[in-house]
Amino acid sequence: MFSPPFAAMNDPMEAYYETGGPGDRIVNAMFAPAGLKVDIMYEMLSDMINRFALVSFSETYENLPMWAYYGSNFAGMCLEFDTADLMIGDFQGEKLRPVTYARNALPSLTVADMGAQHLEEAVIARITRKRSEWAHEKEWRFVTGQVGPKHFLDDALRRVFLGPRVKPEHAARVCEAMDRRPVEVLQGEIRGFELVFRSIKPARPLGECERVGIGKFDPVEDLFAEAELKQFLTAPFEALLEECRRTASRPNMEALAGIDLAGSDKHAIYFWTTYKLRSGREVFHKRYFDRRLRLVLGKD
């Protein structure tokens, strides 16, 4: 995916914000002996915001107006992602935020905002806000700190929906590109006032997919704490082995960097995994599991 700057968006009000408040003259008077002005601080804020970029998503692939103006008049495509897996790649550390819709812009940012701990959230609130006329898009977005490509794990992309007006040669090229990926391709059809999709290429099983990482898993080497792990688990140890094998079968999985009990209180099992992106960059991801080998969410 590509993360463009806000200035490239089709909405001229995108990332709209204002600065300045009635207290600026007082602050200017306080800063005058040091040769500083409020305007300089606002310029620094503007430079920071201008470096932001975004990748936008919608909650649904069935929004007909969006197929018209974002999907090449129903001849383009829509990509469906697993957002949890998406955040293992180049979006690691980013937050997926819902766009809010309102009739009016938020109040101006002031010097008081700039000196507060909530400045980042105050800025994000403004650049994830749009007029209510756009509410039908049901948009979520990653606000990134840099313009450019964003690579993701192959199996983060789950399905590709092709519009009903897609050219046959384009559909064939998409199917060919996704042939050895764990990605299903579907094509749209018009039935009365309904847009329905039929599968034209099933998702490849993980074991048959093109590999990006080497998928290294050695039970003897990686499960060196086997005795402690067995003592901790109430689930069968074979279930842990199966989770290791499943993780190793993912196309981008490079190696298991560590599996052991977490913390001094030994309250969970951690999986520390290395993945290789198609850009060649390696990323690390840690997951935690409880005694029954259930994923512990919200923990890193």
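This text gives an overview of the structure that appears in the document.

Criteria and cut-off values
Residues numbered from 1 in each chain as written. Predicted model: local features only at pLDDT ≥ 70, side-chain atom pairs only at ≥ 80, totals over all residues. Heavy atoms only, no water. Helix = DSSP H or I, 4+ residues; strand = E, 2+ residues; numbered from the N terminus. Rg over C-alpha atoms; globule rule 2.2 N^0.38 Å. Buried < 20%, exposed > 50% of the residue type's maximum accessible area, 1.4 Å probe, protein only. Areas by Shrake-Rupley, 256 points an atom, 1.4 Å probe, with all protein chains shown as cover. Lys, Arg positive; Asp, Glu negative; His and termini not counted. Charge placed at Lys NZ, Arg CZ, Asp CG, Glu CD. 1 Å grid on protein atoms, 1.4 Å probe; cavity = no way out; pocket = protein on both sides within 12 Å on 5 of 7 lines; lining within 4 Å. Points joined across faces, edges and corners; volume = space filled by probe spheres on them. Nonpolar A, V, L, I, M, F, W, Y, C, P; charged D, E, K, R; others polar. Pairing = 2+ DSSP bridges. Axes fitted to C-alpha atoms, helices over the stretch in contact; angles between N-to-C directions. Salt bridge = Lys/Arg side-chain N within 4 Å of Asp/Glu carboxyl O. Contact = heavy atoms within 4.5 Å. Arc of directions from axis to C-beta.

### Focus: the overall build of the protein
Across its full length, the protein carries ten helices and 14 strands. The C-alpha atoms of the protein give 24 Å as radius of gyration, which overshoots the globular expectation for 300 residues (19 Å, by more than 25%). Expressed as a percentage of its 300 residues, the buried residues of the protein come to 41%. As displayed, the protein offers around 16700 Å² of accessible surface, 54% of which is attributable to carbon and sulfur atoms. Between the averaged position of the 40 positive side-chain charges in the protein and that of its 44 negative side-chain charges there is a distance of 2 Å.

### Some points on the side chain of Thr 274
Along the polypeptide, Thr 274 turns up in strand β13 (residues 268-276). Relative accessible area serves as the criterion here: at 6%, Thr 274 is assigned to the buried category.

### So, the layout of surface pockets
By volume, the largest pocket amounts to about 1100 Å³. Along the walls of the largest pocket sit 34 residues, with Ser 56, Phe 57, Ser 58, Met 66 and Cys 78 positioned nearest its centre. Counting residues per element, the ones that place at least two in the lining of the largest pocket are β2 (53-58), α3 (64-69), β3 (77-81) and β7 (139-144). When grouped by side-chain class, the residues that make up the lining of the largest pocket number 18 nonpolar, nine polar and seven charged.

### Quick word on the pairing of strand β14 (residues 282-289)
The pairing of β13 with β14 spans eight bridges and is antiparallel. Within β14, the position partnered with Thr 273 by the bridge is His 285.

### Comments concerning the sheet that holds strand β9 (residues 157-162)
An order of β3-β9-β10-β11 is seen for the four strands of this open sheet, with the pairing classed as mixed. On the outer flanks of this sheet lie β3 and β11 (194-201), each paired with one strand and no other. Strand-to-strand twist in this sheet, taken as the mean axis angle between neighbours without regard to direction, amounts to 30 degrees. Pairing of β9 with strand β10 (residues 184-191) involves four bridges; the strand directions are parallel. When the sheet's bridge partners are listed, Arg 159 is paired in β10 with Glu 184.

### A short note on the pattern of salt bridges
Pairs can form between side chains of opposite charge whenever their charged atoms are close. Evaluated as defined, the whole model comprises 26 salt bridges. With a shortest N-O distance of 3.0 Å, Arg 158 and Asp 85 are connected by a salt bridge. Residue Arg 158 is located in strand β9, and its partner Asp 85 is located in helix α4 (residues 83-86); the two are separated by 73 residues in the primary sequence. Overall, Arg 158 belongs to the partly exposed group, its relative accessible area being 34%. Notably, a salt bridge pairs Glu 243 with Arg 287, separated by 2.9 Å at the nearest N-O pair.

### Observations regarding the side chain of Ser 3
Tracing the backbone through its elements, the reader meets Ser 3 in strand β1 (residues 2-3). Assessed through its relative accessible area of 0%, Ser 3 is described here as buried. Each residue touching Ser 3, except ones within four places of it in the same chain, is listed here: Ala 53, Leu 54, Val 55, Thr 144, Gln 146, Val 147, Gly 148 and Lys 150.

### Description of helix α7 (residues 168-177)
For α7, the set of buried residues is Ala 171, Val 174 and Cys 175. Looking straight down α7, one finds its buried side chains confined to an arc of 100 degrees; they lie on one side. For α7, exposure combined with an orientation more than 90 degrees from the buried face picks out Arg 173 and Glu 176. Check the buried side of α7 and you find it contacts β3, β9, β10 and β11.

### Focus on the sheet that holds β14
Taken together, three strands build an open sheet; the order of strands is β12-β13-β14 and the sheet is antiparallel. Each edge of the sheet is formed by a strand with only one pairing partner; in this case those strands are β12 (253-262) and β14. Averaged over all pairs of adjacent strands, the angle between their axes in this sheet comes to 20 degrees, without regard to strand direction. Of the pairings in the sheet, the one linking β12 to β13 comprises eight bridges and is antiparallel in character.

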